[in-house]
Amino acid sequence: MKEYFKKLFLGICISYTAVSVTAAVSNAITGMENDNSNTLIMFAFCVIASIVLSLYSLFDNVSPLAMMIIQYIAACFFCGLLLFAISRIDPISPRGWFEYYRSFTIPYIIIAGVFYYILYKEVKEQNRLIHELQESK
Amino acid sequence: MKLNLFEDKNLNEEHVDLYFTNMRPVISQIIDTVNSERPTFSGRPADEDLDDWEETILDPGDIYYFDYVDRKLFAYTETGVFRLMNTLGSCEEMLWNYGFVRVSKSNLINIYKIKQLKPDINMKVYAFFDNGERICINRSYKKAFNEYLQKMRRINQ
């Protein structure tokens with residue numbers, strides 16, 4: 001359990017750093033500015049995404065693709081719920097909802113693609129090792 | 001590996017001299033064979049129609065994989081499926097240097113019988129064997145499987 005929380009904490013730190021640096025670079029280019037509530041929402045999204053993704057071991061018998069889809073839906077649902085709660089205090093425009101799903105989906109698809117590529121590369125390397133071992137027998 | 005055989009009718013004691021560069025699994029397998037310690041398994045056909053109540057001796061090299069189902073252990077070979085009285089854990093311990101590695105809670109596979117590893121469209125990785133069968137490599141065992149291949153490669157060099 002201690003190991004799980006350690007990994008989760010590390011995941012939150014890395015993802016929040018990546019998101020905030022990307023936002024800072026994007027703001028520097030576009031000349032926009034983030035307010036405190038945006039920063040807090042970004043942090044909350046990172047926490048939700050890290051918790052949902054860290055539960056992958058629960059889906060051990062499910063295929064990785066199904067696991068990715070389940071986790072995407074779960075993460076979208078919880079982030080949407082958070083935004084819905086915020087919209088009670090500070091209204092969000094319909095475009096805001098679209099932007100939220102777009103900015104959540106694009107990195108997710110990119111990361112899924114990277115995962116798929118790494119998997120194929122790993123399998124290729126394992127095949128090479130197996131054939132090498134079979135030949136040296 | 002070069003093999004020299006000498007026949008000498010006047011020999012008092014038969015012996016084997018083995019020259020090797022490093023103790024690779026294949027060398028320890030030869031030692032096991034000479035010392036009559038090569039692990040073998042005795043099993044009966046899993047198919048009751050074929051079961052003539054006689055035990056069949058199985059050599060590890062002939063086994064594709066072990067499957068543990070309903071508290072029973074089965075060994076899959078080219079000639080058929082055999083039920084064994086061993087545990088999967090003991091087989092894993094006994095056969096690690098014979099190319100057997102655990103890939104899920106219930107499967108121990110022989111890497112020397114793998115034709116190819118292939119990722120499925122759903123991203124599950126399967127090991128395809130010479131006999132056309134396939135076994136899924138579970139995600140939880142992926143790291144251990146990789147480490148096993150690296151270890152075997154190191155000791156084979």
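These figures come from a predicted structure and were not determined experimentally.

A. The arrangement of the overall build of chain A in detail. Within chain A, the regular secondary structure consists of four helices and zero strands. Counting helices and strands in the order they occur from the N terminus, chain A gives α-α-α-α. Here the C-alpha radius of gyration of chain A, 19 Å, is well above what a compact globule of 137 residues would show, namely 14 Å. Viewed in the frame of its principal axes, chain A has a C-alpha envelope of about 70 × 35 × 30 Å. Classification of the 137 residues of chain A by burial places 7% in the buried group.

B. Expanded view of the sheet that holds strand S9 (residues 125-129) of chain B. All names here are of chain B. Pairing is antiparallel in the open sheet, where three strands are placed in the order S8-S9-S10. Because the sheet does not close on itself, it has two edges, and the strands there are strand S8 (114-119) and strand S10 (134-137). Sheet twist, expressed as the mean angle between neighbouring strand axes with direction ignored, is 25°. When S9 meets S10, the two strands line up antiparallel, connected through four bridges.

C. Main features of the nonpolar core. Residue and element names in this part refer to chain B. Counting residues in each nonpolar core, the largest one holds 28 residues, and the members touching the most others are Tyr 65, Phe 66, Ala 75, Val 103, Ile 109 and Ala 127. The element contributing the most residues to this core is strand S3 (residues 63-69), with four residues. Those residues in contact with Val 103 that sit more than four places away from it in its chain are Ile 109, Ala 127, Ile 135, Ile 137, Asn 138, Tyr 141 and Phe 145.

D. Up close: the sheet that holds strand S2 (residues 56-58) of chain B. Residue and element names in this part refer to chain B. Across the sheet, seven strands lie side by side as S2-S1-S5-S4-S3-S7-S6; this open sheet has antiparallel pairing. Edge positions in the sheet fall to S2 and strand S6 (100-104), since each has one partner strand and no second. Put simply, the sheet's adjacent strands are angled 35° from each other on average, direction ignored. Direction of pairing for S3 relative to strand S4 (residues 72-77): antiparallel, over a ladder of six bridges. Within S4, the position partnered with Asp 67 by the bridge is Phe 74. Sitting on the sheet, helix H2 (residues 88-95) is in contact with S3, S4, S6 and strand S7 (107-110), with an inclination near 140° to S6.

E. Molecular detail of the interface of chain B and chain A. The partner chain A presents 18 residues to the 19 residues of chain B that form the contact. At the level of elements, S8 and helix H3 (142-156) of chain B are the ones that each hand at least two residues to the side of chain B that touches chain A. Sorting elements by how many residues they give to the side of chain B that touches chain A places H3 of chain B first, with five residues. Broken down by class, the residue content of the side of chain B that touches chain A amounts to ten nonpolar, six polar and three charged.

F. How the structure looks around the environment of Ala 144 of chain B. Residues and elements named next belong to chain B. Tracing the sequence through the fold places Ala 144 in helix H3. You can call Ala 144 partly exposed: it has 13 C-beta atoms within 10 Å. Put simply, Ala 144 and Gln 116 are 28 residues apart on the chain and 18 Å apart in space, counted from C-alpha to C-alpha.

G. A look at the confidence of the model for chain B. Residue and element names in this part refer to chain B. Chain-level pLDDT for chain B is 87 on average; 98% of the residues reach the 70-or-more range. Averaged pLDDT values over the elements of chain B bottom out at 79 in helix H1 (residues 25-34) and peak at 96 in S7. Interface scoring of the predicted complex returns ipTM 0.78; its pTM is 0.70.

H. Up close: unusual backbone geometry. Residues and elements named next belong to chain B. Phi at Asp 70 is positive, roughly 50°, even though this residue is not glycine. Along the chain, Asp 70 turns up in the loop between S3 and S4. Unlike most non-glycine residues, Arg 71 shows phi in positive territory, near 60°. Assignment of secondary structure puts Arg 71 in the loop between S3 and S4.

I. Summary view of the pairing of S8 of chain B. All names here are of chain B. As defined by bridge partners, S8 adjoins S9 across five bridges and the pair is classed as antiparallel. For Pro 119, the partnering residue across the bridge sits in S9 and is Val 125. Connecting S8 to the antiparallel partner S9 that follows it, the hairpin turn spans five residues, and Met 123 within it adopts a positive phi of roughly 75°.

Reading guide: rules and limits
- In this numbering scheme, every chain counts its residues from 1 along its sequence in written order.
- Chain letters and ligand numbers both follow the written order, the letters beginning at A and the numbers at 1.
- At least 70 in pLDDT is required for a residue's local features to be given in this predicted model, at least 80 for side-chain atom pairs to be given and counted, and no such filter applies to totals for whole chains, interfaces and linings, which use all residues.
- Secondary structure follows DSSP: runs of H or I at least 4 residues long count as helices, runs of E at least 2 residues long count as strands, and numbering of each begins at the N terminus.
- In this treatment the radius of gyration is a C-alpha quantity, and the globule benchmark scales as 2.2 Å times the residue count to the 0.38 power.
- Every C-beta atom is placed from the backbone, and the number of other C-beta atoms within 10 Å of a residue's own sets its class: buried at 20 or more, exposed at 12 or fewer, partly exposed in between.
- Think of it this way: DSSP has to see at least two bridges between two strands before they count as a pair.
- Whenever a helix is involved, its axis is fitted only over the stretch in contact; in every case the axis is a line through C-alpha atoms, and angles between N-to-C directions fall within 0 to 180 degrees.
- Nonpolar core, as used here: buried Ala, Val, Leu, Ile, Met, Phe, Trp, Tyr and Cys residues forming one set through C-beta atoms within 7 Å.
- Two residues form a contact once the distance between their C-beta atoms, set from the backbone, is within 7 Å.
- Throughout, the ten residues Ala, Val, Leu, Ile, Met, Phe, Trp, Tyr, Cys and Pro are labelled nonpolar, Asp, Glu, Lys and Arg are labelled charged, and all others, Gly among them, are labelled polar.
- pLDDT expresses how confident the predictor is about each individual residue, on a scale running from 0 to 100.

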